[in-house]
Amino acid sequence: MTTSEGAQQSRPIALVTGGNAGIGFETCKGLLKAGFHLVVCARSEEKADKAVASLLQDGPEGSTAESLVLDLASLMSVRQAANAFLATQRPLNVCVLNAGIMALPWHKTQDGLEQQWQVNALGHFLLCRLLLPAITAARTPTGRIVHVASGAHRLHPEAVDYDQLANEHKSADGFREWRAYGRSKLANILLSNELARRLRAAGSAVTSNSLHPGNVNSDLWSKAGRTNESGIPVAEGALTSI
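Residues numbered from 1 in each chain as written. Predicted model: local features only at pLDDT ≥ 70, side-chain atom pairs only at ≥ 80, totals over all residues. Heavy atoms only, no water.

Novice: Looking at this structure, I do not really get the overall build of the protein chain. What am I missing?
Specialist: The helix and strand tally for the protein chain stands at 9 helices and 6 strands. For the protein chain, the C-alpha radius of gyration of 17 Å lies close to 18 Å, the compact-globule estimate for 242 residues. Taken over 242 residues, the protein chain has a buried fraction of 50%. For the protein chain, the proportion of contacts with a sequence separation of at least 24, taken over those separated by at least 6, is 72%. Taken as a whole, the protein chain presents about 11400 Å² of accessible surface, with 51% of it coming from carbon and sulfur. (Helix = DSSP H or I, 4+ residues; strand = E, 2+ residues; numbered from the N terminus. Rg over C-alpha atoms; globule rule 2.2 N^0.38 Å. Buried < 20%, exposed > 50% of the residue type's maximum accessible area, 1.4 Å probe, protein only. Contact = heavy atoms within 4.5 Å. Areas by Shrake-Rupley, 256 points an atom, 1.4 Å probe, with all protein chains shown as cover.)

Okay, structure coming up:
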């Protein structure tokens, strides 16, 4: 779903995963105001199209955006989304890896992986890896990759135990949802740091940074069966990503 093809082509492009709700939606608002053409990613076409319509209705006049179906719980969907963008042969100036789930009960994805690890960490790793040619092709401005991590990485203070992770892909034995969430956020930081190192080593101007959005009162808390009345507003939590 796009508007004004000519205007869209003249704008830098920003892609936001989970751009239909929460911090992602507020991030989209900020990037739209900054003059970016948005690629709003959501798990279904209906959710993505609804977010795009709302953003364009309330955004600055002449704003442009499009929807892209991306279900991080399906590696096939990740590949399809990346291929759909790459097929347009456009550079990608900003890639905000924002979507996530938090402290949910154990569940195995259709790919046979523990859901928090796949949605928060592995799915974003694959998407970023596939989109890297478009990100490195961006010139004005140069590519920027933003990993929305969390201070909750401290819930997993030790190195990732891949043997334990392999066991948790198979069963819920020994699984602790908050520890698993912290592990996935630790993985976001490790990916961002290693990607930044490799980009510098290759002489690339593309940046890769991770962030903690703060203690945000988003709907992730209710989905995790908790409340967070002391948290900052979602719009404030999006400021660092923007």
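Novice: Teacher, can you tell me more about the environment of Ser-67 here?
Specialist: Secondary-structure assignment places Ser-67 in strand β3 (residues 65-69). Along the sequence, Ser-67 and Asn-215 sit 148 residues apart, while their C-alpha atoms lie 28 Å from each other. Separated by 2.6 Å, the side chains of Ser-67 and Asp-49 make a polar contact. (Polar contact = N/O pair within 3.5 Å; in protein donor to acceptor, adjacent residues only side chain to side chain.)

Novice: Please clarify how empty space enclosed by the protein should be interpreted in this entry.
Specialist: The gaps of empty space that remain are located by a probe, the size of a water molecule, rolled over the atoms. Applying the stated criterion to the full structure yields 1 cavity of 30 Å³ or more. If you add up the space inside the largest cavity, you get close to 40 Å³. Lining the largest cavity we find Leu-97, Asn-120, His-124, His-147, Val-148, Asn-188 and Leu-191. Elements represented by at least two residues in the lining of the largest cavity include exactly α5 (115-136), β5 (144-148) and α7 (177-201). Class assignment for the residues of the lining of the largest cavity results in 3 nonpolar, 4 polar and no charged. (1 Å grid on protein atoms, 1.4 Å probe; cavity = no way out; pocket = protein on both sides within 12 Å on 5 of 7 lines; lining within 4 Å. Points joined across faces, edges and corners; volume = space filled by probe spheres on them. Nonpolar A, V, L, I, M, F, W, Y, C, P; charged D, E, K, R; others polar.)

Novice: So what exactly am I meant to see when it comes to the layout of surface pockets here?
Specialist: By volume, the second largest pocket is sized at about 240 Å³. Where the lining of the second largest pocket is concerned, the elements lending two or more residues are α5 and α7. Sorting elements by how many residues they give to the lining of the second largest pocket places α7 first, with 6 residues. Residues of the lining of the second largest pocket, tallied by class, amount to 7 nonpolar, no polar and 3 charged.

Novice: I'm lost on the state of the cysteines in this one. Help?
Specialist: Linking two cysteines covalently through their sulfur atoms gives a disulfide. Summed over all chains, the structure comprises 0 disulfides. For Cys-128, which is in no disulfide, the shortest distance to another cysteine sulfur is to Cys-95 and amounts to 5.7 Å. (Disulfide = S-S within 2.5 Å.)

Novice: Whenever I open this one, the pairing of strand β2 (residues 37-42) confuses me. Can you help?
Specialist: For a regular strand, side-chain orientation follows a simple rule: the groups alternate between the two sheet faces. With 6 of 6 residues buried, β2 lies mostly within the body of the structure. Of the two faces of β2, the one lined by His-37, Val-39 and Cys-41 and the one lined by Leu-38, Val-40 and Ala-42 are each fully buried. As paired elements, strand β1 (residues 13-16) and β2 share 4 bridges and run parallel to each other. Considered in β2, the bridge of Ala-14 is made with Leu-38. With helix α2 (residues 22-33) bridging β1 and its parallel neighbour β2, the resulting β-α-β unit is right-handed. Inspection of the sheet shows β2 paired to β3 by 5 bridges, in the parallel sense. Across the sheet, Cys-41 pairs through a bridge with Leu-68, a residue of β3. (Pairing = 2+ DSSP bridges. Right-handed = clockwise from strand over helix to strand, strands pointing away.)

Novice: Which parts of the structure should I look at to understand the packing of aromatic side chains?
Specialist: The geometry of an aromatic ring pair comes down to the distance between the two centres and the angle between the two planes. Applying the stated criterion across every chain yields a total of 2 aromatic pairs. Measuring from ring centre to ring centre gives 6.4 Å for Trp-117 and Tyr-162, while their planes differ by 85°; the resulting arrangement is edge-to-face. With a gap of 45 residues between them, Trp-117 in helix α5 and Tyr-162 in helix α6 (residues 162-170) connect regions that are remote in the sequence. On the basis of relative accessible area, Trp-117 is assigned to the buried category, the value being 12%. Arranged with centres 6.1 Å apart and planes meeting at 90°, the rings of Trp-178 and Tyr-181 form a pair that is edge-to-face. (Phe/Tyr/Trp six-rings, centres within 6.5 Å; stacked < 30°, edge-to-face > 60°.)

Novice: I'm lost on the sheet that holds β5 in this one. Help?
Specialist: The strand order across the open sheet built from 6 strands is β3-β2-β1-β4-β5-β6, with neighbouring strands paired in parallel fashion. What marks the edges here is a single partner per strand, and that holds for β3 and β6 (207-211). Ignoring which end each strand starts from, the neighbouring axes of this sheet average 15° apart. Here helix α4 (residues 75-86) sits on the sheet in contact with β1, β2 and β3, set at roughly 150° to β3. (Axes fitted to C-alpha atoms, helices over the stretch in contact; angles between N-to-C directions.)

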